[in-house]
Amino acid sequence: MELSSIRQNFPILGQKINACDLVYLDNAATTQKPIAVINALSDYYSHNNANIHRGVHTLSRRATDLFEQARKTTAQHFGVANEQQIVFTSGTTDSINMVAQGLSKLYLKPGDEIILSMLEHHSNILPWQLWAEENGGHLKVIPLLADHSLDYSAFEKLISPKTKLIAITHVSNTLGLVTDVEKIKSVANRHNIPWLLDGAQSAPHMPVNLSVLNPDFFVCSAHKMYGPTGCGILYLNERWLSELPIAKTGGGTIKTVSFEKTEYVEGALRFEPGTPNIADVIAFAEALKYMDAIGMQQIFKHESELVQYAQTLMKEIPEIDMYGIHDHKAGVISFNVKNQHPFDVGTLLDKYGIALRTGHHCTQPLMKHLGVQGTIRISFAIYNSKQEIDYFIEKLKKVIKMLS
Amino acid sequence: MELSSIRQNFPILGQKINACDLVYLDNAATTQKPIAVINALSDYYSHNNANIHRGVHTLSRRATDLFEQARKTTAQHFGVANEQQIVFTSGTTDSINMVAQGLSKLYLKPGDEIILSMLEHHSNILPWQLWAEENGGHLKVIPLLADHSLDYSAFEKLISPKTKLIAITHVSNTLGLVTDVEKIKSVANRHNIPWLLDGAQSAPHMPVNLSVLNPDFFVCSAHKMYGPTGCGILYLNERWLSELPIAKTGGGTIKTVSFEKTEYVEGALRFEPGTPNIADVIAFAEALKYMDAIGMQQIFKHESELVQYAQTLMKEIPEIDMYGIHDHKAGVISFNVKNQHPFDVGTLLDKYGIALRTGHHCTQPLMKHLGVQGTIRISFAIYNSKQEIDYFIEKLKKVIKMLS
Amino acid sequence: MATMGIEEIEKEIIEEFDFFGDDWESKYEHLIELGKSLPLIAAADKTDDKIIQGCQSRVWLNADFDDNGMVYTADSDAIITKGMIALLVRVLSHQNPTDIIRANLSFIDKIGLKEHLSPTRANGLLSMVNQMKKEALKRL
Amino acid sequence: MATMGIEEIEKEIIEEFDFFGDDWESKYEHLIELGKSLPLIAAADKTDDKIIQGCQSRVWLNADFDDNGMVYTADSDAIITKGMIALLVRVLSHQNPTDIIRANLSFIDKIGLKEHLSPTRANGLLSMVNQMKKEALKRL
Ligand SMILES: Cc1ncc(COP(=O)(O)O)c(C=O)c1O
Ligand SMILES: Cc1ncc(COP(=O)(O)O)c(C=O)c1O
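Residues numbered from 1 in each chain as written. Chains lettered and ligands numbered in written order. Predicted model: local features only at pLDDT ≥ 70, side-chain atom pairs only at ≥ 80, totals over all residues. Heavy atoms only, no water.

A.B. asks: Before we go on, may I ask you to explain the side chain of Thr-58 of chain A in this structure?
C.D. replies: In this structure, Thr-58 of chain A sits in helix α3 (residues 58–77). Those residues in contact with Thr-58 of chain A, other than ones at most four positions away along the chain, are Ile-17 and Asp-350 of chain B. (Helix = DSSP H or I, 4+ residues; strand = E, 2+ residues; numbered from the N terminus. Contact = heavy atoms within 4.5 Å.)

This is the structure:
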């Protein structure tokens, strides 16, 4: 697919902001949506809307088929043979909480340890911290090397007989650095420790084959993958699909209910109490099909080129400090303008139609490690272009001048 | 507003099912969506989509304003002065789980008792049952009188010094019977016991003023109120807004985070970790505006007339057993055809384009009480008409003949 | 063995239903008749462990094997499901296990009742077909 | 008291900004200049308890009262926010508490910087205005 034709699939990109063309570089926060996804929502509500499972009428059957087909599409996208291992949630944060709440019921014990990294997003810190505080658990943190990548040898030394889980981001949302999953996996497997991979920032940018990576848990958000807000997935391996205790319960998850005793169903539905986010799950499947039509390898290649291109140009601006410069990154660059507050830079660039994010990016521990209050972050998607980066660089230089 | 013009607002209603006009009588499961709601989704994704809070760019500010405006609209709709008391969740089931998980952290103790009723939906049973099983708690059940309404005098006798919560449905999703909230409230207040009102089936059908009802918790689902799937609310009174322990946590809920210690924000955001369901929350506000434009009083009146009309006609069909016949009902009628399985009746009526629900309606304890495997349920919305009921009655009679 | 093979019986059923053309009411009336005429499953075989739980209508299946091939008896509490069962039993009974396992049962589609075999259908029929095949597999 | 009233100063600022017309770049350059020229808050007053936390840029506010009315000093770590603060301090300093409480500060809208006072803005300015009014209220 040609880049220009890709852009035309995204209605929002035609917009003017402050009389300038919108240059949307805030994709790590959320991506824009192709018309196929937007239409999937209208189509669903205009033709097929009904509550699912248990319904005997035509609309209900149609909606159920679309929903369960979406589960299959998602499983296929991630190379998962048994689609029951795909649980639909309301997003990455929700998924991680479900795992944390579930594990803390039977599996995690007082004194146990969980290993995280210095790169984690708050959503992959706070649920574990809550467990630790309430149950006398401990969080161990993989430190960073000088280039801000994970210190894998320090990681291995953190393992102890009390280590019960490794929960790690696949891609840093602030720096774009890609975790060496094979290293994590081999250590986890050697010590027989379950591990969770936070794929919020990898799933949008690169091929992710879960039957190859084979984590115990994998989580991601539809809204960062060209899909709608309010939808995400929790992948569980076969073990946890049957063993993870449920923390959230309600209609639709049961075989029989009485006030004395309830018998739960097996499979994904066990973890999907209540009316699911039917429309958004169906629209999410359209987003996955859209990405697959372009090809995840192609997406990664395109975005890597943008990162290289931008990094090279930015290195030449003396007023800039970049964090986590690397060849192998997933669509994200973080930087600061010396002596300037990110907020000022972001506010002025917005005036030129450039949307980017400033602040701590929900990674305060990493900010502290970098010794900054916040950074300026640009992040790419398939519809971004080198021309946009040129424009960004031009305006960035201008803004630096305005501020100094 | 005229009924005919209301129907035109719902694109799906123009549909043919099996060559017949769609007659959608499954509104208690989920309602159809007016074009204003569908358009709100496309508009949002085509013009305003961005991640919210903390963003400095124009789209982010717009999306944040729309989202927080939706909170205000929701608060106004329910007569709530402080919009921070409106927390957006993924639905009723999610909301109840949040309360159950939160209360079980600090407030509920082993041996404590929670009072529910025989009418409850599984989503207002299972979260409490999970607590009870895991923590040695007890569920007490308000029994029903012969007419299937709550036995309020038995209710009062269930109160003990160990009663820590009353969690009760505002309207029975299976029978449509309306709880006498004043009775629940006065007992709760007299004994100083917090109470939760499950408004999943009241909020769609009648005016609900939370500053008058003044429960500790109120929950409902957007998808049953002409809004999108994947969105609901948890209303908390001032006490619980500050006191309810959080059970789910992550990005966006914090002031400061370190691996050692986290300081949480105050207000609704405390309970909304991760990227919220931005688009659906905004579209939900459109649904509320749509209902308010018609008027909740008007909606209740229209649907009550339909219930009266249908009940009267159905009483004359000798093969029918109706459950919970009452003058004051919220848009729901449950019945069975003697000696016939609900599934058969539902399957054949679907052939005539009539969408209704059959089965246990996620109220198995009530089914057991009624001594049936399931019922056939018709449920109304603002777009239903007497002509549709005539058609339904005609076809129901035909189906009864086919089956016997 | 049955005097007719699976596909032959399927063909017979398709012709039988073709007779009704687009008149789904008659088609369903016929299905209901078939359901009513389904030989009852032995009470002893209608036990909880033989139940196949659809969300709504329940299905009981009993499978045996004799010189003529598989012998299925089945029941459901819903009459339309029972009619479908009658068709399935008619097609698969007294057939040899290999043929049963291979059967794709396309007649269900052709007589316009495919929806009843949908995996998301609440009537347990698809599970019944799978169970029928599983039982046949045991007898290979 | 200030020699000019709140609305008079607002009018002056509006005229000052009108000069730039639609040229937002110059307008922001002016704002940045104003920020840079804002008299520093006393180090002793720039303490954590005087901080008004916006999500991103932080604002410190100190309020006093003398014969001329309220005396505000303030600071921010972001320069644009500081420019806005300079305007607010210029308008509200040396005014009497009643006038401050009543002020609707419409000049911010008129000079095209309304977005900075949006309740969902991450810069803490709206909280600062509210805090300024609260301090005035104490001196009524
Ligand atoms: C009374 C009642 N409570 C709770 C629920 C659960 O709502 P949801 O499935 O939207 O979470 C329902 C929906 O069927 C209901 O009718
Ligand atoms: C690495 C990472 N983890 C988790 C999250 C949380 O995702 P969500 O806000 O969709 O729940 C994000 C989103 O910013 C992220 O980048």
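A.B. asks: It is not clear to me how the site of ligand 1 should be interpreted in this structure. Could you clarify?
C.D. replies: The full set close to ligand 1 counts 14 residues, and Thr-275 of chain A together with Thr-93, Asp-198, Ser-221 and Lys-224 of chain B are the nearest of them. Residues near ligand 1 are shared among chains A and B, making this a multi-chain site. For ligand 1, an oxygen atom lies 2.7 Å from a polar atom in the side chain of Lys-224 of chain B. Here ligand 1 loses 95% of its free accessible area of 390 Å² to cover by the protein chains. The class makeup of the residues in the shell around ligand 1 is one nonpolar, eleven polar and two charged. (Near = heavy atom within 4 Å. Polar contact = N/O pair within 3.5 Å; in protein donor to acceptor, adjacent residues only side chain to side chain. Areas by Shrake-Rupley, 256 points an atom, 1.4 Å probe, with all protein chains shown as cover. Nonpolar A, V, L, I, M, F, W, Y, C, P; charged D, E, K, R; others polar.)

A.B. asks: Looking at this structure, how should I read the interface of chain A and chain B?
C.D. replies: One widely used convention gives an interface's size as the accessible area the parts lose upon coming together. Facing the 98 residues of chain A at the interface are 98 residues of chain B. Interface area for chain A against chain B, summed over the two sides, is near 7,100 Å², with a carbon-plus-sulfur share of 56%. Contact with chain B buries area across many residues of chain A, yet Tyr-45, Val-56 and Phe-259 of chain A alone supply 12% of it, more than any other trio. In this structure, the connection of chain A to chain B is made through six salt bridges. Residue Asp-350 of chain A is joined to Arg-61 of chain B by a salt bridge in which the shortest nitrogen-to-oxygen separation is 3.9 Å. Scanning the region where chain A abuts chain B turns up 49 residue pairs in polar contact (both at pLDDT 80 or more). Of all the elements, helix α2 (residues 35–48) of chain A adds the most residues to the side of chain A that touches chain B, at seven residues. In the side of chain A that touches chain B, the residues fall into 38 nonpolar, 43 polar and 17 charged. (Buried area = accessible area lost by both parts, 1.4 Å probe. Salt bridge = Lys/Arg side-chain N within 4 Å of Asp/Glu carboxyl O.)

A.B. asks: Help me understand the relation of the copies chain A and chain B in this model?
C.D. replies: Superposing the two chain copies requires a rotation about an axis and a translation along that axis. Rotating chain A by 180 degrees about the axis while translating it 0.0 Å along that axis superimposes it on chain B, leaving an RMSD of 0.0 Å. On the angle and the small slide along the axis, the relation comes out as a two-fold axis. Interface overlap between copies: 100% of the residues of chain A at the interface are likewise at the interface in chain B, consistent with a symmetric, same-surface contact. (Least-squares fit on C-alpha atoms with pLDDT ≥ 70 in both.)

A.B. asks: Quick question: what am I supposed to make of the site of ligand 2 here?
C.D. replies: Close contacts around ligand 2 come from 14 residues, with Thr-93, Asp-198, Ser-221 and Lys-224 of chain A together with Thr-275 of chain B the closest. More than a single chain frames ligand 2: its nearby residues are located in chains A and B. A distance of 2.7 Å separates an oxygen atom of ligand 2 from a polar atom in the side chain of His-223 of chain A. Here the residues of the shell around ligand 2 are counted per class, giving one nonpolar, eleven polar and two charged.

A.B. asks: What am I meant to see in helix α10 (residues 278–294) of chain A here?
C.D. replies: Structurally, the α-helix is built with 3.6 residues per turn, so residues lying three or four positions apart point the same way. All names here are of chain A. Taking 1.5 Å of rise per residue, the 17 residues of α10 would be expected to cover 24 Å, and the 25 Å separating its terminal C-alpha atoms lies within 8% of that figure. Burial of α10 is extensive: 13 of the 17 residues sit out of reach of the surface. One or two steps after α10, the chain reaches Gly-295, where phi turns positive at roughly 105 degrees. (Expected span 1.5 Å × (residues − 1). Buried < 20%, exposed > 50% of the residue type's maximum accessible area, 1.4 Å probe, protein only.)

A.B. asks: Sorry if this is basic, but what is going on with the interface of chain D and chain A here?
C.D. replies: Taken together, the contact pairs 18 residues of chain D with 15 residues of chain A. Counting each side, the surface lost to burial between chain D and chain A is near 1,500 Å², with a carbon and sulfur contribution of 57%. Remark: the boundary between chain D and chain A carries two salt bridges. A salt bridge links Glu-25 of chain D to Lys-398 of chain A; the shortest N-O distance between them is 3.6 Å. Between chain D and chain A we count five residue pairs in polar contact (both at pLDDT 80 or more) in total. Contributions of two or more residues to the side of chain D that touches chain A are made by α2 (24–37) and α3 (79–92) of chain D. Sort the elements by how many residues they give to the side of chain D that touches chain A and α2 of chain D lands first, with six residues. Per-class residue counts for the side of chain D that touches chain A are six nonpolar, five polar and seven charged.

A.B. asks: Teacher, can you tell me more about the environment of Arg-61 of chain B here?
C.D. replies: Secondary-structure assignment places Arg-61 of chain B in helix α3 (residues 58–77). For Arg-61 of chain B, a relative accessible area of 12% translates into the label buried. For the pair Arg-61 of chain B and Ala-50 of chain B, spaced eleven residues apart in sequence, the C-alpha separation works out to 8.4 Å. If we ignore the near neighbours within four places in the chain, the residues touching Arg-61 of chain B are Asp-350 of chain A, Val-56 of chain B together with Glu-115, Thr-120 and Arg-121 of chain D.

A.B. asks: I'm lost on the state of the cysteines in this one. Help?
C.D. replies: Simply put, disulfide is the name for a covalent bond between the sulfur atoms of two cysteines. Scanning all chains against the criterion turns up zero disulfides over all chains. Residue Cys-231 of chain A stays outside any disulfide, its sulfur separated by 8.9 Å from that of Cys-220 of chain A, the closest cysteine. (Disulfide = S-S within 2.5 Å.)

A.B. asks: What is the right way to look at the arrangement of the chains in this model?
C.D. replies: With five pairs of chains in contact, the largest contact count belongs to chains A and B. Of all C-alpha pairs spanning chain C and chain D, none lies closer than 44 Å, and the two are not in contact.

A.B. asks: Looking at this structure, how should I read the pairing of strand β4 (residues 86–89) of chain A?
C.D. replies: Looking along a regular strand, one sees the side chains alternate between the two faces of the sheet. Residue and element names in this part refer to chain A. By the alternation rule, side chains of β4 split into Ile-86 and Phe-88 and Val-87 and Thr-89, which are all buried. Sheet topology places β4 next to strand β10 (residues 232–236); four bridges connect them, and they run antiparallel. Following the sheet pairing, Ile-86 is matched in β10 by Tyr-235. (Pairing = 2+ DSSP bridges.)

A.B. asks: I would appreciate a short explanation of the nonpolar core in the present structure.
C.D. replies: Here is a general trend for soluble globular proteins: nonpolar side chains tend to be buried in one another's company. Of all hydrophobic cores here, the largest spans 232 residues; its most connected members are Trp-128 of chain A together with Trp-128 of chain B. The residues contacting Trp-128 of chain A, other than those within four sequence positions of it, are Ile-96, Val-99, Ala-100, Ile-114, Leu-116, Leu-139, Leu-165, Ala-167 and Leu-196 of chain A. (Core = buried A, V, L, I, M, F, W, Y, C linked by side-chain atoms within 4.5 Å.)

A.B. asks: Help me understand the domain arrangement of chain A, please; the structure alone is not making it clear to me.
C.D. replies: All names here are of chain A. Partitioning chain A into structural domains gives domain 1 (3–25 + 295–403) and domain 2 (38–293). Taking the mean C-alpha position of each, domain 1 and domain 2 sit 28 Å from one another. Contact with domain 1, which involves 34 residues of that partner, is made by 29 residues of domain 2. In this assembly, domain 1 packs against domain 2 so that about 2,600 Å² is buried in total across both faces, 64% of it on carbon and sulfur atoms. (Domains from an automatic or database assignment.)

A.B. asks: Which parts of the structure should I look at to understand helix α6 (residues 125–138) of chain C?
C.D. replies: Residues and elements named next belong to chain C. With 14 residues, α6 should cover 20 Å at 1.5 Å per step; its first-to-last C-alpha distance of 20 Å lies within 8% of that length. All of the buried residues in α6 are Leu-125, Met-128, Val-129, Met-132, Lys-133, Glu-135 and Ala-136. Within α6, the buried residues cover an arc of 160 degrees as seen down the axis, which keeps them to one side. Relative to its buried face, α6 has exposed residues pointing more than 90 degrees away, namely Lys-134 and Lys-138. (Arc of directions from axis to C-beta.)

A.B. asks: In this structure, what is going on with the packing of aromatic side chains? I would like to understand it.
C.D. replies: Residue and element names in this part refer to chain B. Across all of its chains, the model carries 30 aromatic pairs over all chains by this definition. Arranged with centres 6.2 Å apart and planes meeting at 70 degrees, the rings of Phe-335 and Phe-392 form a pair that is edge-to-face. Here Phe-335 is found in strand β14 (residues 332–337), whereas its partner Phe-392 is found in helix α14 (residues 386–403), with 57 residues between them in sequence. Owing to a relative accessible area of 0%, Phe-335 belongs among the buried residues under this scheme. For Phe-392, a relative accessible area of 0% translates into the label buried. (Phe/Tyr/Trp six-rings, centres within 6.5 Å; stacked < 30°, edge-to-face > 60°.)

A.B. asks: I would appreciate a short explanation of unusual backbone geometry in the present structure.
C.D. replies: Trans is the prevailing form of peptide bonds, just as negative phi is the prevailing case for residues other than glycine. Residue and element names in this part refer to chain A. One non-glycine residue, Ala-19, lies in the positive phi region at around 70 degrees. Along the polypeptide, Ala-19 turns up in the loop between β1 (16–17) and β2 (20–21). One non-glycine residue with positive phi stands out, namely Tyr-226, at about 70 degrees. Among the structural elements, Tyr-226 can be located in the loop between β9 (217–221) and β10. Judged by relative accessible area, Tyr-226 falls into the buried class, the value being 1%.

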